[in-house]
Structures are given as structure tokens and as C-alpha cells.
Amino acid sequence: MAMIELENIIFSYNPEEPPVLKDLSLDVEKGTCQMLLGDNGCGKTTLFRLLNGLLFAQSGAYRLDGQEITRRGLDDNRQSKRFHQRMGYLFQNPDVMLFNARVYDEVAFGPRQMGFADAEIERRTEDCLGLFDLTELRDKAPYHLSTGQKKRVALAAVAALNPEILVLDEPFAGLDGTTVDRVLAFLTEWKKAGKTILLSTHEREMTASLTDRVLVLSEGRITS
Ligand SMILES: Nc1ncnc2c1ncn2[C@@H]1O[C@H](COP(=O)(O)OP(=O)(O)OP(=O)(O)O)[C@@H](O)[C@H]1O
Ligand SMILES: [Mg+2]
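Throughout this description, residue numbers start from 1 for each chain and increase along the sequence as written. Whichever chain is written first becomes A and whichever ligand is written first becomes 1, with later ones labelled in order. A pLDDT threshold of at least 70 governs which residues receive local features in this predicted model, and a stricter bar of 80 or more applies before side-chain atom pairs are shown or counted, although totals over entire chains, interfaces and linings include all residues. Side-chain figures throughout are based on the complete set of non-hydrogen atoms in the structure, without hydrogens or water.

Describing the sheet that holds strand β5 (residues 67-68)
Moving on, step 1. When DSSP locates at least two bridges between a pair of strands, those strands are taken to pair. In DSSP terms, a helix is any run of H or I states spanning at least four residues, a strand is any run of E spanning at least two, and both are numbered starting from the N terminus. Ordered in space as β2-β1-β4-β5, the four strands form an open sheet in which the pairing is antiparallel. The strands lining the two open edges of the sheet, one partner per strand, are β2 (21-28) and β5.
Moving on, step 2. Bridge count for strand β1 (residues 4-11) against strand β4 (residues 59-64) is five bridges, and the pairing is antiparallel. Within β4, the position partnered with Leu6 by the bridge is Tyr62.
Moving on, step 3. We call two residues in contact when some of their heavy atoms are within 4.5 Å. Note on method: axes are straight lines fitted to C-alpha atoms, helices fitted across the in-contact stretch only, with angles between N-to-C directions ranging 0 to 180 degrees. Packing of helix α1 (residues 44-51) onto the sheet brings it into contact with β1, β2 and β4, and relative to β1 it is tilted by some 120 degrees.

Take a look at the structure:
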């Protein structure tokens, strides 16, 4: 059984318009890295929001380790917490993710939500600040950072939760060469550690060595 199973998913934002995702099916095996390609507006972000339980399909099934993920299920606090601990999501636009007053608190937010002990929260936060070269920015307001810096904060916040599955929506967009290398090194380590990675990108060469499968989203379906 695949870790993530999408079966005949139909999703539309607006019932009067044709659906964005049309009879989409996809299996993702644990420990693999999948690269999602597709034209602007084809539905990559929509698919990722669905995987993260931010949107729900009008029909079809979404299963994680055989368990169906539904709006009703995620309304339950315990189930929702467990789900979001397993699945980390990097938004395409980091502005949507960042809302704390300090970079440190942004990265510590997830571990605090999960109710870890103080020492564990501190350890994870410091590790992840270091991993994305944010130690010197720790007291800054995320709001005032540059786009690339914000993306690094968002990545650190996702990493601090140590999720089993990483869903990254255009993780390289707007990053300089050094930061791209940092993110690639991070993804390589995470893959080695057995994590499952889905990422959308328009820069396919960058992650070619990490990728087990290239998925193309076109006309609402995965076509390869
Ligand atoms: N909140 C929304 N309400 C209505 N329509 C939406 C909404 N978000 C996206 N759409 C529409 O759904 C389609 C898919 O958008 P989506 O953002 O998933 O594409 P994408 O593949 O991520 O594009 P990009 O490469 O530009 O990031 C587009 O036609 C878009 O206009
Ligand atoms: Mg998108």
C-alpha cells in the first residue's frame, strides 16, 4: 500500500466553473521524492493544499497510510494535530505562513503547538535556525525580511516540526545560489533519513538527483 493515495479526486473552487482537479489519481510511496511539474494555473498549489487538509475534494478519496483524510476527521483536534505533525507544508508564498513577532518565535511555534518540553523546543529551534543561516536574524520581525529570508524562515519552521512528509510548493523560487544549495543539502539529508518529499518546481534540473519520480499535472490530472 502506498503511503499517500489519491483516488479519482475531483475538486473545484466554484461549482459553476470546470473543476481544477479532474479525476486525479496518485500514489506516493514512503521515502520517495516526487517532483511536480505543470504550467502556471494548472493546479499544483491546489493539489498541495488538498494534501495538507486545507481543501477537500468534492469527490474521490484521499488516504494516508490507508486512513481516509476528511474534513470531518480533521475537525477532531487530536487527529488534526497528529496529521499536521506528520505532514509539513511550505506555502508557495511565505507571507501567508509567517505571523509571529520574531523569527525565533516563528520557528518555535510548531514545536510549542505540539506541546514538547522546553528543552526540546529550544533544541529544535536552534538547530533549524542554524540549518537555514537564521541565527543572526532571530530577533527580527519576519514581516520586515526580504523574500528569500522569509522563505528560509518558513523552511526552518517546517523543519522544526520534523515531519515525516514534506510538501514544498516552489521551495526554490526567489532564492539565491547559496540558499538553493542549503535547501538542496537539507532535502538530501531528509531523504536519507527516510522522509517522503513532494515538491513543485519550475526548475527541474536542480532536484533531478533527488527525484524518484517526475509528475506532470495537466488538465486536472497527473499525466506522467
Ligand atoms: N482560492 C481560489 N478561488 C478560486 N479559484 C482559484 C483559487 N485558487 C486558485 N484558483 C484557480 O485554480 C487554478 C489552479 O491554481 P493553482 O494556484 O493551484 O495553480 P498552480 O499550478 O499552483 O499555479 P502557479 O504555477 O502559478 O503557482 C487557477 O485557474 C486559479 O485561478
Ligand atoms: Mg502554485
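Quick word on the site of ligand 1
Moving on, step 1. Near ligand 1 there are 13 residues, and of these Gly41, Lys44, Thr45, Thr46 and Gln92 occur at the shortest range.
Moving on, step 2. We call two N or O atoms a polar contact when they sit within 3.5 Å, provided that within protein one can donate a hydrogen and the other can accept it, with sequence-adjacent residues counted only if both atoms are side-chain atoms. With respect to ligand 1, the side chain of Asn40 contributes an N or O atom lying 2.9 Å from an oxygen atom.
Moving on, step 3. A distance of 2.9 Å separates an oxygen atom of ligand 1 from a polar side-chain atom of Gln92.
Moving on, step 4. Areas reported here follow the Shrake-Rupley algorithm with a probe of radius 1.4 Å; residue values treat only the protein chains shown as occluding. Protein contacts shield 58% of the accessible area of ligand 1, which totals 640 Å² for the unbound molecule.
Moving on, step 5. Only Asp, Glu, Lys and Arg are considered charged, only Ala, Val, Leu, Ile, Met, Phe, Trp, Tyr, Cys and Pro nonpolar, and every remaining residue, Gly among them, polar. Here the shell around ligand 1 is built from residues that sort into three nonpolar, seven polar and three charged. The near set for a molecule or strand comprises every residue that places at least one heavy atom within 4 Å of it.

Considering unusual backbone geometry
Residues apart from glycine generally show negative phi values, whereas peptide bonds are mostly found in trans.
Moving on, step 1. Of note, the phi angle at Asn8 is positive, near 50 degrees, even though the residue is not glycine.
Moving on, step 2. Here Asn8 shows up in strand β1.
Moving on, step 3. Despite not being glycine, Asn162 shows a phi value in the positive range, around 50 degrees.
Moving on, step 4. Looking at the secondary structure, you find Asn162 in the loop between α6 (147-159) and β7 (165-169).
Moving on, step 5. Only protein chains enter the accessibility calculation, which uses a 1.4 Å probe; a residue is then buried when its area is under 20% of its type maximum, exposed when over 50%, and partly exposed in between. The partly exposed category is assigned to Asn162, whose relative accessible area is 39%.

With respect to the packing of helix α4 (residues 103-113) against helix α5 (residues 118-131)
Moving on, step 1. For the pair α4 and α5, interaxial distance at closest approach is 9 Å and the crossing angle is 130 degrees. Compared by their axis directions, α4 and α5 come out oblique. Relative to α5, the crossing made by α4 is right-handed. Taken together, the residues of α5 that come into contact with α4 (itself represented by Val103, Tyr104, Val107, Ala108, Pro111 and Arg112) are Ile121, Glu122, Arg124, Thr125, Glu126, Cys128 and Leu129.
Moving on, step 2. Counted by class, the contact of α4 with α5 contains eight nonpolar, one polar and four charged residues. Roughly parallel covers angles under 35 degrees, roughly antiparallel covers those over 145, roughly perpendicular covers 65 to 115, and oblique covers all other angles. It is the rotation of the near helix from the far one that decides the hand of a crossing: anticlockwise by less than a right angle makes it left-handed, clockwise makes it right-handed.

Concerning the layout of surface pockets
Moving on, step 1. Of the two site types, the cavity is a set of points on a 1 Å grid over the protein atoms alone where a 1.4 Å probe fits but cannot get out, and the pocket is an open set with protein on both sides within 12 Å along at least five of seven lines, each lined by residues with an atom within 4 Å of a point. Grid points are joined across faces, edges and corners, and a volume is the space filled by probe spheres set on the points. For the largest pocket, the calculated volume is near 550 Å³.
Moving on, step 2. Surrounding the largest pocket, 19 residues form its lining, His84, Met97, Phe109, Gly110 and Leu161 being those nearest its centre.
Moving on, step 3. Broken down by secondary-structure element, the contributors of at least two residues to the lining of the largest pocket are α3 (77-86), β6 (87-90), α4 and α6.
Moving on, step 4. A per-element tally of the lining of the largest pocket places α4 first, with four residues.

A word on the nonpolar core
Moving on, step 1. Residues belong to one nonpolar core when they are buried, are Ala, Val, Leu, Ile, Met, Phe, Trp, Tyr or Cys, and are joined through side-chain atoms within 4.5 Å. Core analysis: the largest hydrophobic core is formed by 37 residues, its most contacted members being Phe132, Leu166, Leu168, Leu187 and Ile197.
Moving on, step 2. Breaking this core down by element, the ones donating at least two residues are β3 (33-37), α4, α5, α6, β7, α7 (177-192) and β8 (196-200).
Moving on, step 3. If sequence neighbours within four positions are ignored, Ile197 has contacts with Thr32, Cys33, Gln34, Leu166, Leu168, Leu187, Trp190 and Lys191.
Moving on, step 4. Within the second largest apolar cluster, 30 residues are counted, among which are Ile9, Leu74, Met87 and Ile165.

As for the sheet that holds β8
Moving on, step 1. Within the open sheet, the six strands sit side by side as β6-β7-β8-β3-β9-β10. Their pairing is mixed. A single partner strand is all that each edge strand has here, and the edge strands are β6 and β10 (221-222).
Moving on, step 2. In this structure, β3 lies alongside strand β9 (residues 213-218), joined through four bridges in parallel fashion. Within the sheet, the bridge partner assigned to Gln34 lies in β9 and is Arg213.
Moving on, step 3. Seen against the sheet, α3 touches β6 and β7 and runs at an angle of roughly 65 degrees to β6.

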